[in-house]
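# Breakdown of the fold
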Amino acid sequence: MAILLTALIGATTILLTVFLQPRAVVVAGELLGNNQAGGYQGPQHCAECHPAEFNSWAGTTHAQASFDPIFQSYLQSVEQQGECFACHTTGYNAQTGQFVTAGVTCESCHGPYRADHPGQSMEIATADELCGTCHRSTVAEWRTSNHGKAGIACVACHEVHSQKIHMQSQSGALCVGCHVSEAQDSLHQTHQSANVGCISCHVARPAFDADAAVSGMAETGHSFNAEPGVCVECHADQP
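The rules behind each value
Residues numbered from 1 in each chain as written. Predicted model: local features only at pLDDT ≥ 70, side-chain atom pairs only at ≥ 80, totals over all residues. Heavy atoms only, no water. Helix = DSSP H or I, 4+ residues; strand = E, 2+ residues; numbered from the N terminus. Buried < 20%, exposed > 50% of the residue type's maximum accessible area, 1.4 Å probe, protein only. Contact = heavy atoms within 4.5 Å. Areas by Shrake-Rupley, 256 points an atom, 1.4 Å probe, with all protein chains shown as cover. pLDDT = per-residue confidence, 0-100. Disulfide = S-S within 2.5 Å. Phe/Tyr/Trp six-rings, centres within 6.5 Å; stacked < 30°, edge-to-face > 60°.

Check the secondary structure of the chain and you find 16 helices and two strands. The buried share among the 239 residues of the chain stands at 29%. Here the analysis covers contacts within the chain between residues at least 6 apart in sequence; of these, 54% occur between residues at least 24 apart. Of the roughly 14,800 Å² that the chain leaves accessible, carbon and sulfur atoms contribute 58%.

Here the focus is the confidence of the model for the chain. Close reading of the predicted structure is inappropriate where its pLDDT is low. Averaged over every residue, the pLDDT of the chain is 77; residues scoring 70 or more account for 75%. Here helix α1 (residues 2-20) stands out as the element of the chain with the lowest mean pLDDT, 53, in contrast to helix α3 (residues 51-57), whose mean of 94 is the highest. Scored below 50 in pLDDT, residues 22-36 shows 26 contacts in the model against residues more than four places distant or in partner chains.

Moving on, we come to unusual backbone geometry. Residue Pro118 is reached from His117 by a cis peptide bond, and omega for that bond is 15°. Within the element layout of this structure, Pro118 appears in the loop between α6 (106-110) and α7 (128-132). Here Gln163, not a glycine, exhibits a phi torsion of approximately 65°, which is positive. Within the secondary structure, Gln163 is located in the loop between α9 (146-149) and α10 (167-170).

This part takes up the state of the cysteines. Taken as a whole and judged by the stated rule, the model has one disulfide. With no disulfide of its own, Cys46 lies closest to Cys106 among cysteine sulfurs, the gap being 3.8 Å. Residue Cys154 stays outside any disulfide, its sulfur separated by 3.9 Å from that of Cys131, the closest cysteine. For Cys154, a relative accessible area of 17% corresponds to the buried category.

Here we come to the packing of aromatic side chains. Taken as a whole and assessed by the stated rule, the structure comprises three aromatic pairs. Centroid distance Phe85 to Tyr92: 6.4 Å. Interplanar angle 40°. Geometry classified as tilted. Judged by its relative accessible area of 0%, Phe85 is buried. Overall, the relative accessible area of 25% leaves Tyr92 in the partly exposed class. Here the aromatic rings of Phe85 and Phe99 are separated by 4.9 Å at their centres, their planes lie at 45°, and the arrangement is tilted.

Given below as structure tokens:
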């Protein structure tokens, strides 16, 4: 099953890469055999040694970044597509307008494959600058929050390959590890008994706004404030 999934994603990525390339800069030859590849090997190469990480990533928003219908629709309406490709593809070259592979793949975060890996590490910095390259509004909100001021980085809450948050696998224990007193007060205990988790109130997002999302300035709830409007969603009939 894993082999089939790897092959399917590989084929789809290649097709989308060729299809999405700006027509003026399409080059002949193998996907990674052109002069723009710059050492990139593609996610299937990583999967040979890291199948668990590959399978965890394969169904994520990152993996589908070039396939997303909203992205595809918007892409057809803009003349300058480079800014879109910078975040929705891997190995985008602003000088040529070309990218290496469709989607946000392993090498988007880890960098192009290094010939002496695994001798040379492919680890990445866990600071906010990397995520903030594309997730601008999220990081801007985070920097103003107590989490940001305390230096609690993105990876402290987010699983890097699956894009899930650790709380989804650890229940409320992730927050309680630091917010001991808050978790024990009556307000939070009442919500917990009703299976209303921390993120339901503290990472609540407004209704999806395509224009805001495209601009990179959509609200994502990463200030971690429980806004009054969130309460109304459940307590609309209470004074």
